[in-house]
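Chain and residue survey
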Amino acid sequence: MANPCRKLLFNIYMGFYCSTIMPKMCICSQLSMSSTDPFNKDPGAFPVATNGEPFPWNKLRLPTMVIPLHYDLLVHPNLTSLDFVGSEKIEVLVRDATQYIILHSKDLEVMNVILQSEEDLRYRKPGKKLNVLSYPAHQQIALLVPEKLMADLRYSVAINFQAKLANSFEGFYKSTYRTRGGKTRIVAVTDFEPTEARMAFPCFDEPLFKANFSIKIRRESGHIALSNMPKVKTIELEGGLLEDHFETTVKMSTYLVAYIVCDFNSVSGTTSSGVKVSVYATPDKWSQTHYALEASLKLLDFYENYFDINYPLPKLDLIAIPDFESGAMENWGLITYRETSLLFDTKTSSASDQLWVTKVIAHELAHQWFGNLVTMEWWNDIWLNEGFATYMELISVNATYPELQSDDAFLDVCFAVIKKDSLNSSRPISNQAETPTQIAEMFDAVSYNKGACILNMLKDFLNEEKFHKGIIHYLKRFSYGNAKNDDLWSSLSNSCLGDFTSGEFCYSDSKMTSNTLAFLGENVEVKEMMTTWTQQKGIPLVVVTREGRSLRLQQERFLSGVFKEDPEWRALQERYLWHIPLTYCTSSSNVIRSHVLKSRTDTLELSENSSWVKFNVDSNGYYVVHYEGRGWDQLITQLNQNHTLLRPKDRVGLIHDAFQLVSAGRLTLDKALDLTRYLQHEASIPALLKGLEYLELFYHMMDRKNVSDVTENLKHYILRYFKPVIDTQSWSDKGSVWDRMLRSTILKLACYLNHAPCIQKATELFSQWMESSGKLNIPSDVLNIVYSVGAQTTVGWNYLLEQYGLSMSGAEKKKILYALSTSKHQEKLMKLIELGMEGEVIKTQELSPLLYVIARNPKGQQLSWNFLRENWTHLLKKFDLGSYAMRMIISGTTSHFSSKDELQEVKLFFESLKAQGLHLDIFQIILETISKNIKWLEKNLPTLRTWLLVNS
């Protein structure tokens, strides 16, 4: 799944947010948990079903006495009455004798259940009707059998069921779109990850219960049906209905099942290995599918070669869904996407839009191996799916689209999660999760971003060749099965041809590659090292103290918002220790040196005198570095004298670490700001953008707090200091991807700061666009800027809202909606929120990013906060509590607060929710973030004010 912050992947809007089992082994041997039958225990120990009878199972996880082998599923959605009927036959294997079968079922009406034994099937006996008990609190049903099911025998369970198409984004739900002619069309679509297959058909809805699926879909002649596998035939039924039969799937988990009934059009191509790839969209958006097809063909070819495993299905469909909560979902053979994550409009899609679409396609295609072919045993290890898919974005896009320069963008994947991981309220990568809400919360930046970053660090440590061989070993060993953390570490260790733990280098051939970081004389064991990164939360801080050629190293837990002098700091450091694969270079040598820091303190000796030392080369390591004594001064001096002696990524890393250390009270703000003074000579755009990012962050913080003197001085400083960069920007789409992203970023900031030439040019282009009735092609990289300036007048705002309803480009609609949300008129902002709640003009899926950006508008921050509290009940009807959208709404409207009064208001609101039995881990994250903001302002506002007076 692509994480838009979730699948915060991945961000939905770039620029819109700131922000050991052998292969194919029988599932029987994998399901080794206790399978004792509790039915004869005291009924008081078990829940009560809806009919008042005791429910025979009291755990959230399903028992393993019975496991599924094959589902024969028939579904008929009615797109007029907005409901569906279904029937299924589940072939099950009984592992231990039992008198019941427990399945998942949520919001389904189960009408009839028939059990047939192998003998019944052989002699065509009718079978036995079973009683059904329901326990909605666990989303489970119990099928009670009159006679015990015998171990090691197979049975067939036939179930008839029906339900309404869900009015949300989960299970089997309805989606709508408007044609260019204004007609509304209805689509029926599935989205099952992590725990929503149970909303579409009764099933064993846990990743370990893999099975084969034979799917049939009934539809009207004006629609098409799609599913995981190719269609094998269509049968015409009475009344003009058609029934499509699809090939039986490979063995897979329920959350990967998918089927869609729609009237979409497609474009198709074939990979070099013969896989048919098709991209589907609504008829009016068909022209926007071609880039996705090109990218999918290239990426699928790359993955087959890279993994040395052919894509196992005969076809792959990618489909843009009009209503979709996350960025995308990796259903095997039928990948579903939000329209802005798949469609590319050559007229309105910017460079960052292209990079986003390419990365999301790469992410979901990587899942066809990581997640689909090999699946985590349980959701506590979802990072094995999402972390790997995020990491593979880096590898695959670099290989297939080098011109997108995505390698530089990967740094922000790691920097983004450090903000969360440096809070005490963070969590380990591998973390216990049992309830559906807890499982949903696992789809976060820790699973996606941190998972990808520690994999990249491990690749750098082992070297790319050994890491590559290790993941191929992992995929081949666990194909069509399930795996856990230790299985990955074992595969990576065993990828060495020599003895990896003997203290010698790990060779993959007779000659060691130049970037090998397996260290002579040091015992390095992958599992031992990586457990310190997956089983404990947080990120390490490496403190470097230099005395001549001697370097004293110390590791601590890096805590943002908790200072070393705070009384709680020491307690929060206890029991945290990482095995950190350090890399470093010096002023006197470009050679990358390495060392594994396993203890709290250690000492290194430099071989020669150097004026500076820089740790974490190219920012490949997941740790923050602080240089005690004159360490930072020496690096700042080098940046000012000749910054090119430090690698471009190292310059980005220095800027990031410096401002992170300010938030931890380890570095003064003026020192971090001094470091950015060299940027006027910086030619590396990622480094320039990183420095601008922090200055812009401070400006918006001061603007929201209405600290007028600092706001004004910071505005003048940015416009004066970066004037040469601003003045050299053209209002075009020319240049490299990074040239174009710099243009979008710096012109947007300049216009926001009311830089007269910027406002004048944007106003001129907006007027020409209006005069052309929206037909003028404005360069896509400045479209956001032109619309935002135009939205500041009532006439412009109203025209943009009108064009929003007419546009057939998701990329353009995204830019218009952002522009509308920058209005300084609260009634206009409130209208946007109301339209988002209605879901017609502005789709409900846009509500969470809309509230996020309105909350960061000084005129909208109180508005959005009040809206959240006053409309909480209505929001819960639209989004599940633990859903990505709801978490982003809560966080988006509160986490930027920076006063004690606001903190108290949020505390009281969260306490009222807890009193209703509603709780999310994100509550504590938000409270800690607000406390950190308060502390930052108290400590750093006077310093910022003084520094600006000196440097303006």
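Residues numbered from 1 in each chain as written. Predicted model: local features only at pLDDT ≥ 70, side-chain atom pairs only at ≥ 80, totals over all residues. Heavy atoms only, no water.

By the naming in an unreviewed UniProt entry, the chain is Aminopeptidase, taken from Zalophus californianus. Reading the Sequence similarities (unreviewed entry) entry of the UniProt record for the chain gives the comment "Belongs to the peptidase M1 family." According to UniProt, the comment filed for the chain under the heading Subcellular location (unreviewed entry) is "Endoplasmic reticulum membrane". (UniProt positions renumbered as here; feature names shortened; annotations may be inferred.)

Positionally, Gln660 belongs in helix 14 (residues 648–663). The class of Gln660 is buried, set by a relative accessible area of 7%. Non-local contacts of Gln660, meaning those with residues more than four positions away in its chain, are made with Ile418, Phe558 and Tyr694. (Helix = DSSP H or I, 4+ residues; strand = E, 2+ residues; numbered from the N terminus. Buried < 20%, exposed > 50% of the residue type's maximum accessible area, 1.4 Å probe, protein only. Contact = heavy atoms within 4.5 Å.)

Topologically, Ser490 is positioned in helix 10 (residues 485–494). For Ser490, a relative accessible area of 24% gives the class partly exposed.

Turning our eyes to something else, we now look at the UniProt feature "binding site: Zn(2+)" (unreviewed entry) in the chain. When the UniProt feature table is mapped onto this chain numbering, "binding site: Zn(2+)" (unreviewed entry) sits at His363, His367 and Glu386. A maximum C-alpha distance of 8.4 Å is found for the annotated residues, which run over 24 residues; spatially they form one tight group. With respect to the secondary-structure elements, His363 resides in helix 4 (residues 351–367). A polar atom in the side chain of His363 sits 3.2 Å from the side chain of His367. With respect to the helices, strands and loops of the structure, His367 is situated in helix 4. Overall, the relative accessible area of 0% leaves His367 in the buried class. Those residues in contact with His367, other than ones at most four positions away along the chain, are Met1, Glu330, Asn372, Asn385, Glu386 and Ala389. Here the side chain of His367 touches Met1 through a polar contact of 2.8 Å, landing on its backbone nitrogen. (Polar contact = N/O pair within 3.5 Å; in protein donor to acceptor, adjacent residues only side chain to side chain.)

Those residues carrying the UniProt feature "active site" (unreviewed entry) are Glu364 in this numbering. Within the secondary structure, Glu364 sits in helix 4.

Contact pair helix 28 (residues 884–892) / helix 30 (residues 922–951): the axes reach a minimum separation of 10 Å and the direction vectors enclose 20°. Classified by the interaxial angle, the pair formed by helix 28 and helix 30 is roughly parallel. Considering only the axes of helix 28 and helix 30, their crossing is right-handed. Of helix 30, the residues touching helix 28 (which contributes Arg887, Ile890 and Ser891) are Ile922, Phe923 and Ile926. (Axes fitted to C-alpha atoms, helices over the stretch in contact; angles between N-to-C directions. Parallel < 35°, antiparallel > 145°, perpendicular 65-115°, else oblique. Left-handed = near helix turned anticlockwise from the far one by under 90°.)

In this description, an aromatic ring pair is defined by two values, namely the gap between the centres and the angle between the planes. Overall, the coordinates contain 52 aromatic pairs when judged by the stated rule. Ring geometry for Phe84 versus Phe172: centroids 5.0 Å apart, planes at 65°, classification edge-to-face. With Phe84 in strand 2 (residues 83–94) and Phe172 in strand 9 (residues 171–178), this residue pair connects regions lying 88 residues apart in the sequence. For the pair Phe84 and Phe172, one class covers both residues: buried. Measuring from centroid to centroid gives 5.6 Å for Trp865 and Phe909, while their planes differ by 90°, and the two rings are edge-to-face. With Trp865 in helix 26 (residues 861–870) and Phe909 in helix 29 (residues 900–915), the pair connects residues that are 44 residues apart, well separated along the chain. Neither residue differs from the other here; Trp865 and Phe909 are each classed as buried. Among the aromatic residues, those joined into a cluster by ring pairs are Phe302, Tyr303, Tyr306, Phe307, Tyr311, Trp369, Phe370, Phe388, Tyr391, Phe467, Tyr474 and Phe478. In this arrangement the basic side chain of Arg61 is found over the ring face of Trp378, its NZ or CZ atom lying 3.6 Å from the centre. (Phe/Tyr/Trp six-rings, centres within 6.5 Å; stacked < 30°, edge-to-face > 60°. Lys NZ or Arg CZ within 6 Å of the ring centre and 35° of its normal.)

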